[in-house]
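# Residue-level structural notes
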Amino acid sequence: RRRIADLEEKLQVLESGHAVKQRETNYFMSQGRAIRRMVTLYDSVEDLINENDRQCDIEGDDDNVTFDQNRLQTGYIVLNNVLPWFHQKASDMEYEDYMHMLKKLRQGADGARGDDTSKLKPLVPDWVNREWKPDPPVDPKDKHCRGFTNDACGRLLCPTELDWNNPIVRAGIRDRIDGHIVMEMSWPAFLYAGYTADPNNLEEGLFKSKLLVQAFKAIFTSPSSAKEVAGDGDGANIIENNRRAKKDVLGKKVKTHLRFALSSVTSWRSVDGDFDYIQFWCNIVDFFECPPGRTAQRNVDRLLTWWTRKVFGTSRQEELSDAAKAHMSVNALAMQRARLDDALFNSE
């Protein structure tokens, strides 16, 4: 009996340890889902760590640091802002536990990216069909009919420097002839308000399209909130309380996901024909994080304000006077109850 009791106790300890390990694994995977949404869409956590370690080992300033290295270093800083426990926990872990944590973070990150692309896959055709009414409509279940073979999708994917209405341009893009090669170095029309760009002012309307706002809302708030984006958001500064959406308020990753949803590519990949998604992502990040001067920075700040208002709305509570607040029913009732209590006390 004593032997059986000892074995049962050991089994209970093992099961308890397994449960703790499983909870920890689930925690790492759930935390990892934030990485592809708020830190980096393509870079691995290992690359961010290695670049941070490299720069920490350098004495003084490194004049030879590249844009890519700076981007990785910035990504590591953002990673620790998003997962504030990461650095300390990674420093205290044994090597095997550390590698296990990185593996689960990576699985959670890639799982979230897959969920987001799957979410947009049926939604984007519905939005395109409603706005453009193509004939035949874009099939929400078949990606082969999207991309440049579809007139509506092709119009949205077309580089802003080319005119999709020109049949020669359409044929050139589809045949990938010289002068009509679609690359990541061209801003596609779906990024612009009204899906058109001013060649003399390419920044005007950039990253303000209706489709972008719909895609952001579908991923970061809810698919139902993406149905109506004509006015400002109806939330009262929800952005202050929604950390996940606040971290990516400009939806840098959404632009890449939306481009993928409009394309005819059936599975996630980094290159689509002549179009490099990784470089496209880097171009978007650089636009927001590496403005060339104060004027460009002010334009980015204004764009941030526009997105905040467009998606989440604004609160006007601070504009209310104390007198206006005093007449509101909650405060009015509180004062009435206080007066009744004071009257009863005086009568006694």
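Residues numbered from 1 in each chain as written. Predicted model: local features only at pLDDT ≥ 70, side-chain atom pairs only at ≥ 80, totals over all residues. Heavy atoms only, no water.

## Considerations on the pattern of salt bridges
Heads up, the rule is: Salt bridge, as used here: a side-chain nitrogen of Lys or Arg that lies within 4 Å of a carboxyl oxygen of Asp or Glu. A run of H or I in DSSP counts as a helix once it spans at least four residues, and a run of E counts as a strand once it spans at least two, with each numbered from the N terminus. Burial here depends on accessible area, computed with a 1.4 Å probe over protein chains only, as a share of the maximum for the residue type. Under 20% is buried, over 50% is exposed, and the range in between is partly exposed.
Taken as a whole and assessed by the stated rule, the structure comprises 14 salt bridges. With its nearest N and O atoms 2.9 Å apart, the salt bridge here joins aspartate 116 to arginine 37. Here aspartate 116, found in helix H6 (residues 95–132), pairs with arginine 37, found in helix H2 (residues 35–39); they are 79 residues apart in sequence, far enough to count as distant. Residue aspartate 116 shares its accessibility class with arginine 37, and that shared class is buried. We note a salt bridge from arginine 130 to aspartate 126, for which the minimum N-O separation is 3.1 Å. Remark: aspartate 126 and arginine 130 occur in helix H6; sequence separation between them is four residues, near one turn of the helix. Judged by relative accessible area, arginine 130 falls into the exposed class, the value being 59%. Members of the salt-bridge network, linked through shared partners, are Arg36, Asp110 and Arg113.

## Quick look at the packing of aromatic side chains
Applicable threshold: Side-chain rings of Phe, Tyr and Trp (the six-membered ring for Trp) are treated as a pair once their centres are within 6.5 Å; stacked means planes under 30 degrees apart, edge-to-face means over 60, and tilted covers the remaining angles. Any Lys NZ or Arg CZ that is within 6 Å of a ring centre and within 35 degrees of that ring's normal is treated as a charge sitting over the ring.
A full pass over the atoms with the stated rule returns 17 aromatic pairs. Ring centres of tryptophan 187 and phenylalanine 207 lie 5.5 Å apart, and the angle between their planes is 80°; this geometry places the pair in the edge-to-face category. Placement of the pair is tryptophan 187 in the loop between helix H8 (167–175) and helix H9 (210–220) and phenylalanine 207 in the loop between H8 and H9, with a sequence separation of 20 residues. A relative accessible area of 21% places tryptophan 187 in the partly exposed class. Taken together, the ring pairs connect Trp187, Phe207, Phe275, Tyr277, Phe280, Phe287 and Phe288 into an aromatic cluster. Sitting over the face of the ring of phenylalanine 260, lysine 143 holds its NZ or CZ atom 3.8 Å from the ring centroid. Here the guanidinium or amino end of arginine 259 rests over the ring plane of phenylalanine 275, the centre of that ring lying 3.7 Å away.

## Some details on the environment of methionine 99
With respect to the helices and strands, methionine 99 occurs in helix H6. Look at methionine 99 and you get partly exposed, because its relative accessible area is 34%. Put simply, methionine 99 and glutamate 46 are 53 residues apart on the chain and 9.7 Å apart in space, counted from C-alpha to C-alpha.

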